[in-house]
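# What the coordinates show
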Amino acid sequence: MESPFQNVISSDHTHLFLDASSVTVQAGLWHNGQWLAYRAAEAPALESIFVLVRDCLDDAGLGMEDVKGFLHCEGPGSVLGIRLAAMAIRAWRALPDWHEAPVFACRSLPLVAALIRHTREPEADFHLIAESRQTRWNHLASTAPETVEEVEPEALEALTPPVYHLRQRKAWHEPPEGAIAITSDLRTCPELISQPGLFIPTDAPDLYQVNAPSFKTWTPERHRA
């Protein structure tokens with residue numbers, strides 16, 4: 001994910017943060033290591049993204065023209081929410097004022113793992129899980145914080161506690177007994193935005209899936225008796 005514009009998030013500029021990868025959609029205005037405004041709503045992304053952005057701008061007393069860069073959570077998570085947020089950023093960057101505005105993307109589970117370490121200071125290694133497809137889960141181990149893998153439900157029973165559960169979509173299955181609910185709320189942790197390695201420059205905000213579905217071209221054939 002390389003960008004010709006900027007490789008480091010500038011603390012001197014206001015960046016718009018969008019995370020629609022979970023059931024709670026989040027938006028924030030980040031500047032100089034702090035949130036100028038932060039809003040979240042447990043509502044469909046299509047209905048909430050632009051409302052949250054407008055509310056953040058109103059709270060900060062700013063206009064959209066004051067935004068000089070974008071921060072995007074590319075997943076894994078809610079496919080529709082992530083694509084809507086990416087589409088919004090692409091639309092803004094198609095306008096003359098934001099042609100050269102830098103975009104930085106993060107991945108949801110590594111970001112939440114960093115949040116767990118920052119706010120809960122776990123004394124032991126931990127696991128973070130979130131539902132993927134209907135019969136599978138995404139899993140991250142704190143011993144490999146940049147690696148997300150897709151596993152079968154049976155694999156969760158073998159995980160050594162603590163196990164944190166991030167709810168990113170409508171629940172198809174219950175998490176393992178004893179799993180600790182966690183959210184991706186960065187309201188109290190604006191410093192994570194500038195933590196090295198979490199946000200990577202990209203010129204094309206998009207959807208990240210651990211195992212993207214594959215499709216085969218259907219070739220019509222006459223039925224043979």
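Up top is the structure.
Remember, predicted model here, so these are calculated numbers, not experimental data. Here the residue index of a chain counts from 1 through its sequence in written order. Two thresholds apply to this predicted model, a pLDDT of at least 70 for residue-level local features and 80 or more for giving and counting side-chain atom pairs, whereas whole-chain, interface and lining totals are computed over all residues. Note that the side-chain values use all heavy atoms of the structure and ignore hydrogens as well as water.

## As for the sheet that holds strand β4 (residues 67–73)
- Spatially, the 6 strands line up as an open sheet ordered β3-β2-β1-β4-β5-β11, and their pairing is mixed. A strand with exactly one partner marks an edge of an open sheet, and here the two such strands are β3 (34–41) and β11 (200–202). Along the sheet, successive strands turn relative to each other by an average axial angle of 25 degrees, direction set aside.
- Only when DSSP finds a minimum of two bridges between them are two strands counted as paired. Put simply, DSSP H or I for four residues or longer makes a helix, DSSP E for two residues or longer makes a strand, and each gets a number counted from the N terminus. Note: β4 against strand β5 (residues 103–106), 4 bridges, orientation parallel. Residue Leu71 lies in a different strand from β5, and its bridge partner there is Phe104.
- Contacts were defined at the residue level, with two residues in contact if any of their heavy atoms lie within 4.5 Å. Simply put, an axis is a line fit to the C-alpha atoms, just over the touching stretch for a helix, and the angle between two N-to-C directions goes from 0 to 180 degrees. Sheet strands touched by helix α2 (residues 79–93): β1 (14–19), β4 and β5. Its angle to β4, the strand with the most contacts, is close to 160 degrees.

## A short note on the nonpolar core
- Counting residues in each nonpolar core, the largest one holds 24 residues, and the members touching the most others are Leu16, Leu18, Met64, Phe70 and Trp92.
- Sorting the residues of this core by element identifies β1, β2 (25–31), α1 (45–60), β4 and α2 as the ones contributing at least two each.
- Those residues in contact with Leu16, other than ones at most four positions away along the chain, are Gly28, Leu29, Val53, Met64, Val67, Gly69, Phe70, Leu71 and Trp92.
- Nonpolar cores were defined as sets of buried Ala, Val, Leu, Ile, Met, Phe, Trp, Tyr and Cys residues, with membership established by side-chain atoms within 4.5 Å. For every residue, the accessible area (1.4 Å probe, protein chains only) is compared with the maximum for its type, and the residue is labelled buried under 20%, exposed over 50%, or partly exposed between those bounds. Ile9, Leu71, Ile193 and Phe199 belong to the second largest nonpolar core, which has 18 residues in total.

## What about the packing of α1 against α2?
- In the contact formed by α1 and α2, the axes pass within 10 Å of each other and the chain directions differ by 45 degrees. Taken together, the axes of α1 and α2 lie oblique to each other. Crossing geometry of α1 relative to α2 is assigned as right-handed. Only Gly81, Leu84, Ala85, Ala88 and Trp92 of α2 make contact with α1, whose side of the interface consists of Ala45, Leu46, Ile49, Phe50 and Val53.
- In the scheme used here, Gly and all other residues not listed as nonpolar or charged are polar, with Ala, Val, Leu, Ile, Met, Phe, Trp, Tyr, Cys and Pro taken as nonpolar and Asp, Glu, Lys and Arg as charged. Here the residues of the contact of α1 with α2 are counted per class, giving 9 nonpolar, 1 polar and no charged. The scheme is simple: roughly parallel for angles under 35 degrees, roughly antiparallel for over 145, roughly perpendicular for 65 to 115, oblique for anything else. Crossing handedness follows the turn of the near helix against the far one: under a right angle anticlockwise gives a left-handed crossing, and clockwise gives a right-handed one.

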